[in-house]
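Overview (structure and organization)
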Amino acid sequence: HRPTLRYRLDKGDTLGVIWLALGSVALTEIAARARPDAIVLDVQHGLWERASMEAAIGVVPSDIPVLVRVAENSPVAIGQALDAGAEGVIVPLVETAKQARRAVDAARYPPRGSRSGGGIRPLGDFVDYVHAADRAIVVCVMVETAKGVKNARDIAAVEGVDMVFIGTGDLALSLGTFPNFDARHEVACSKVHAACQAEYTLCGTFTGSLDAARAKRERGYRMVVTANDMDVLGKGFAQATSGFAAR
Ligand code: 3PY
Ligand code: MG
């Protein structure tokens, strides 16, 4: 098992993560060569299937932690990501403290929680794994709705919630500011960040560019997205072929 993620966060680093949605193991291997602080596999909106998620975690060097943004807040979704070797989960659409507790419960073995024992990687050294897992695994819950913002302080206060991660896109949809990330959106993000600080809980946020990631790091966010595969490839192909097409 690889407790790198917890260690880096405890140390106070702001982690710059590469966010991967395309479901490609080969692309994950290439992305890891850029040596990000961590990699996120997006199972909620991305194309990851269970076996490819597991394989992708296997090709990432052990000093680069992998988190999985799970499809939903359920024991099955969270358990499968952790069994694959994810050091952390990012749980979408959390709106209440009760929902946050459900996510934490699913990520912890009894007696602390209700995670079921098993999985190809954990069983490789299961006694050691069980011994270390609860402490090592990082639980991030996403606040990305108006209701979640309203309850941000209660969510951040839940024991076992390590980080509140803001989903900026869904938040704009929920607040009705989409496609703009205007002052209302900014105020909501600041409110979540302040709630985290008050509860000594880490705060992360989705970001769409390296500049945005730097700005959020300056403001004290502890996990930011420096690049995502769809954007990098879309822009890369456009730039690489620019001016050549006959029509
Ligand atoms: C959002 O912006 O809503 C996210 O979930 C990040 O991808
Ligand atoms: Mg979202």
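See above for the structure.
In short, a report on the structure. Quick caveat, the model's predicted, so the values are computed rather than measured. (Residues numbered from 1 in each chain as written. Chains lettered and ligands numbered in written order. Predicted model: local features only at pLDDT ≥ 70, side-chain atom pairs only at ≥ 80, totals over all residues.)

What follows is about the pairing of strand E7 (residues 202-205). Side chains Leu202 and Gly204 project from E7 onto one buried face, and the interleaved Cys203 and Thr205 project onto a second face that is buried too. Here four bridges tie strand E6 (residues 163-166) to E7, and the two strands are oriented parallel to one another. Within E7, the residue paired with Ile166 across the bridge is Thr205. Pairing of E7 with strand E8 (residues 223-228), which is carried by two bridges, proceeds in the parallel orientation. Each bridged residue has a counterpart across the sheet, and for Gly204 the counterpart in E8 is Met223. (Buried ≥ 20, exposed ≤ 12 C-beta atoms within 10 Å, placed from the backbone. Helix = DSSP H or I, 4+ residues; strand = E, 2+ residues; numbered from the N terminus. Pairing = 2+ DSSP bridges.)

Direction vectors running N to C along helix H9 (residues 168-175) and helix H10 (residues 183-198) enclose 120°, while the axes themselves pass 10 Å from each other. By the criterion of interaxial angle, the relationship of H9 to H10 is oblique. Here H9 and H10 pass one another in a crossing that is right-handed. Residues Leu171, Ala172 and Leu175 of H9 pack against Arg184, His185 and Ala188 of H10. When its residues are assigned to classes, the contact of H9 with H10 shows four nonpolar, one polar and one charged. (Axes fitted to C-alpha atoms, helices over the stretch in contact; angles between N-to-C directions. Parallel < 35°, antiparallel > 145°, perpendicular 65-115°, else oblique. Left-handed = near helix turned anticlockwise from the far one by under 90°. Contact = placed C-beta atoms within 7 Å. Nonpolar A, V, L, I, M, F, W, Y, C, P; charged D, E, K, R; others polar.)

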